[in-house]
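Summary of structural features
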Amino acid sequence: MAFEKPSLLEGERLDDLLTHEYKIIQSREVFSFSLDAVLLARFAGIPKKGRILDLCTGNGVIPLLMATRTDAHIEGVELQPRLADMARRSVVYNGLASRIAIREADLKTLPALIGSEAFDAVTVNPPYKPVGSGEHKGNIHQALARHEIGCTLEDVVSAAARSVREGGRVSMVHRPSRLAEILDAMQRHRLEPKRMRFVHSRADAEANMVLIEASLGGRPELRLLPPLIVYEGAGRTYTAELLDVFYGRKKELNDTGPSDKMEG
C-alpha cells in the first residue's frame, strides 16, 4: 500500500506493477523496464533474510518485485542520476524505504565502496549490446541501458563476483547469442553456473532470452530447466505461467530442489 504520494516530474507517469498494489515511476524519455526484468526478479534465487544487491537497477523494478518474495534488505545500484532518483521515489511511494536502498554509483568502483563479499545474492539485468553493435546515438538514457557504454559484460560479472559472499548466488538475464561469453566470464571469476532457463516468445521460436544463476565457488553442476514460453500459439495471449508471474500469483519461476539451496 502507498505511504506517500510521489511527486512526478514532467513527462513521468505512475505505472501499476500488478502485484501487492505496488506502482513504479516511469517516463517515455528514459528506458522503461520490460519482461526481462520481471522474469529475473522471479527467477533469481534469493534468501528470505540477509542482503541482496541489484546491479544496473534502472528505475528499481527488480528490487520492488523481489521485495514481494523476501524480507531481506535490498540495495539497488544505478549509474544514471535520473533513473536512481526515479527508483528512490518509487521505493518511498510503496512504503519500502526501510527495506530497499538505492545507490547512485558506478558498478566498476562499487566493491571499493561497499567492501567485498558483502551480499548473500546479486541480481543484474545489464546492457545487452557491445558498443559498435548498432546505433546508440540520440537518447543517452536508452543508449546506456541497451549498449555497454557505462559497463561491459566483464565489468558486470567482476562486480557481481566481488560483491557476493562465498556460496552466494548471482543471477542474470541476457541474450542467448552471448551465452558463451557469459559462461566464460562467470567461470573466470569463480561463479559456477547452477541453473539456466531459456525464454522463447513461442514454442516454435528460437530463444530470445536466457536466465542464469551461478554460485560463487560452487561445485560444477548445471541444471537446464524447461523452456519458458511467453505466448500461446501464434497469437498474443500470454501463457498461464506468464500471467501468474505478472499478477503475482506465482512469486518464483522455478520449483526448488536440492541444487537450488545456497552453498556455504
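These lines cover the structure that appears in this document, whether it is placed above or below. Just so we're clear, the structure is a prediction, and the values are computed from it rather than from any experiment.

Calculation rules
- Residues numbered from 1 in each chain as written.
- Predicted model: local features only at pLDDT ≥ 70, side-chain atom pairs only at ≥ 80, totals over all residues.
- Heavy atoms only, no water.
- Buried < 20%, exposed > 50% of the residue type's maximum accessible area, 1.4 Å probe, protein only.
- Helix = DSSP H or I, 4+ residues; strand = E, 2+ residues; numbered from the N terminus.
- 1 Å grid on protein atoms, 1.4 Å probe; cavity = no way out; pocket = protein on both sides within 12 Å on 5 of 7 lines; lining within 4 Å.
- Points joined across faces, edges and corners; volume = space filled by probe spheres on them.
- Nonpolar A, V, L, I, M, F, W, Y, C, P; charged D, E, K, R; others polar.
- Pairing = 2+ DSSP bridges.
- Right-handed = clockwise from strand over helix to strand, strands pointing away.
- Salt bridge = Lys/Arg side-chain N within 4 Å of Asp/Glu carboxyl O.
- Core = buried A, V, L, I, M, F, W, Y, C linked by side-chain atoms within 4.5 Å.
- Contact = heavy atoms within 4.5 Å.
- Arc of directions from axis to C-beta.

1. What about helix α1 (residues 35-43)?
Owing to its 3.6 residues per turn, the α-helix aligns residues three or four sequence positions apart on the same side. The buried fraction of α1 is high, at eight of nine residues. Looking at α1, one finds that the buried residues are Asp36, Ala37, Val38, Leu39, Leu40, Ala41, Arg42 and Phe43.

2. Details of the layout of surface pockets
By volume, the second largest pocket is sized at about 310 Å³. Those elements that provide at least two residues to the lining of the second largest pocket are α1, β9 (207-216) and α8 (240-246). A total of three residues in the lining of the second largest pocket trace back to one element, the largest contributor, which is α1. Here the residues of the lining of the second largest pocket sort into 12 nonpolar, four polar and three charged.

3. Regarding the pairing of strand β5 (residues 100-104)
As judged from the five bridges shared by strand β4 (residues 73-78) and β5, these two strands associate in the parallel manner. Each residue of the ladder has a partner; that of Gly76, found in β5, is Ile102. For the crossover from β4 across helix α3 (residues 81-93) to β5, the handedness is right-handed.

4. Section: the pattern of salt bridges
Per the stated rule, a full pass over the model turns up 19 salt bridges. For the salt bridge of Arg89 with Asp85, the shortest nitrogen-to-oxygen distance reads 3.0 Å. One end of the pair is Arg89 and the other is Asp85, both in helix α3 and four residues apart, which spans about a single turn. By relative accessible area, Asp85 is classed as partly exposed at 29%. Glu213 serves as the salt-bridge partner of Arg169, at 3.7 Å between the closest nitrogen and oxygen. With Arg169 in strand β7 (residues 164-174) and Glu213 in strand β9, the pair connects residues that are 44 residues apart, well separated along the chain. Across the pair, exposure class does not vary: Arg169 and Glu213 are buried alike. Among the ionic contacts, a cluster of salt bridges with common partners joins Glu12, Asp85 and Arg89.

5. Overview of the pairing of β9
Regular strands place side chains that alternate from one sheet face to the opposite one. Most of β9 sits inside the fold, with eight of its 10 residues counted as buried. Here strand β8 (residues 191-200) runs beside β9; their pairing, made up of nine bridges, is antiparallel. In the sheet register, Glu192 faces β9, and the bridge partner there is Ser215. In sequence, β8 turns back onto β9 through a hairpin of six residues.

6. Quick look at the nonpolar core
Among the nonpolar cores identified, the biggest contains 40 residues, and Leu39, Ile100 and Leu211 are the most heavily contacted of them. For this core, the secondary structure elements donating two or more residues are α1, α2 (61-66), α3, β5, β9 and α8. A total of six residues in this core trace back to one element, the largest contributor, which is α1. Ignoring any residue separated from it by four or fewer positions in sequence, one finds Leu211 in contact with Leu39, Leu40, Phe43, Met172, Val173, Arg195, Met196, Arg197, Val199 and Leu253.

7. Focus: helix α7 (residues 179-188)
Of all the residues in α7, the buried ones are Leu179, Ile182, Ala185 and Met186. Here the buried residues of α7 occupy an arc of 130 degrees about the axis, which is enough to place them on one side. Turning to α7, the residues buried within the fold contact α6 (153-163), β7, β8 and β9. Downstream of α7 by one or two residues, Arg190 has phi in the positive range, about 65 degrees.

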